[in-house]
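# Residue-level structural notes
So the chains spell out like this:
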Amino acid sequence: MIPFISVGGHFLAQKMVGTEEEGEATNALNTLGAKIVKIHQYNLPNYGDERLVVEILKETSTDKKYPRRAGVALKKPL
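These notes cover the structure that comes with them. Everything numeric in this text was worked out from a predicted model, so none of it was measured.

### Thoughts on the overall build of the chain
- Scanning the chain for helices and strands turns up three helices and three strands.
- In the chain, the succession of helices and strands from N to C terminus is β-α-α-β-β-α.
- A principal-axis box enclosing the C-alpha atoms of the chain has dimensions of 45 × 30 × 20 Å.
- Here the chain holds 78 residues, and the buried ones make up 24% of them.
- Across the chain, contacts joining residues at least 24 apart in sequence account for 61% of those joining residues at least 6 apart.
- Positive and negative side-chain charges of the chain, numbering 11 and 9 respectively, have mean locations separated by a distance of 13 Å.

If you want it as structure tokens, here you go:
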């Protein structure tokens with residue numbers, strides 16, 4: 001989603017607790033010109049399951065080679 005966001009825009013990504021995806025995404029976020037601003041933790045109503053909402057800020061424009069064609073990200077992750 002980062003390549004589609006305007007500079008200064010925010011993206012909210014919902015993640016499950018314990019996946020550590022937010023830590024693994026640091027290199028990709030740097031490459032795409034974004035950073036994690038804050039991680040919000042919530043409990044889902046009715047179920048009580050924990051979720052994280054990762055608030056991402058796009059700081060600079062993304063290189064024109066992103067987004068990549070379908071399948072390329074799986075073969076060559078950032």
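### Overview of the sheet that holds strand β3 (residues 50-58)
- An order of β1-β3-β2 is seen for the three strands of this open sheet, with the pairing classed as antiparallel. Looking at strand neighbours, the two that pair on one side only are β1 (10-16) and β2 (34-43), the edges of this open sheet. Ignoring strand direction, the axes of neighbouring strands in this sheet form an average angle of 25°.
- When β2 meets β3, the two strands line up antiparallel, connected through nine bridges. Paired with Ile 39 across the two strands is Val 54, which belongs to β3.

### Considering the nonpolar core
- Among the nonpolar cores identified, the biggest contains eight residues, and these are Ile 2, Ile 5, Leu 29, Leu 32, Ala 34, Val 54, Ile 56 and Tyr 66.
- For this core, the elements supplying multiple residues, two or more each, are α2 (26-32) and β3.
- Residue contacts for Ile 2: discarding those within four places in its chain leaves Phe 11, Leu 29, Leu 32, Ala 34, Ile 56, Lys 58 and Thr 62.

### Some words on unusual backbone geometry
- Each neighbour pair has its own omega, and for Tyr 66 with Pro 67 the value is 0°, a cis peptide bond.
- Within the fold, Pro 67 resides in the loop between β3 and α3 (72-75).
- Of note, the phi angle at Asn 46 is positive, near 75°, even though the residue is not glycine.
- One can find Asn 46 in the loop between β2 and β3.
- Judged by relative accessible area, Asn 46 falls into the exposed class, the value being 78%.

### Looking at the pattern of salt bridges
- Scanning the entire structure with this criterion turns up two salt bridges.
- Its salt-bridge partner being Lys 15, residue Glu 21 comes within 3.1 Å of it at the nearest N-O pair.
- Using a relative accessible area of 34% as the deciding quantity, one classes Glu 21 as partly exposed.
- Given a relative accessible area of 25%, Lys 15 falls into the partly exposed group.

Conventions used here
Residues numbered from 1 in each chain as written. Predicted model: local features only at pLDDT ≥ 70, side-chain atom pairs only at ≥ 80, totals over all residues. Heavy atoms only, no water. Helix = DSSP H or I, 4+ residues; strand = E, 2+ residues; numbered from the N terminus. Buried < 20%, exposed > 50% of the residue type's maximum accessible area, 1.4 Å probe, protein only. Contact = heavy atoms within 4.5 Å. Lys, Arg positive; Asp, Glu negative; His and termini not counted. Charge placed at Lys NZ, Arg CZ, Asp CG, Glu CD. Pairing = 2+ DSSP bridges. Axes fitted to C-alpha atoms, helices over the stretch in contact; angles between N-to-C directions. Core = buried A, V, L, I, M, F, W, Y, C linked by side-chain atoms within 4.5 Å. Salt bridge = Lys/Arg side-chain N within 4 Å of Asp/Glu carboxyl O.

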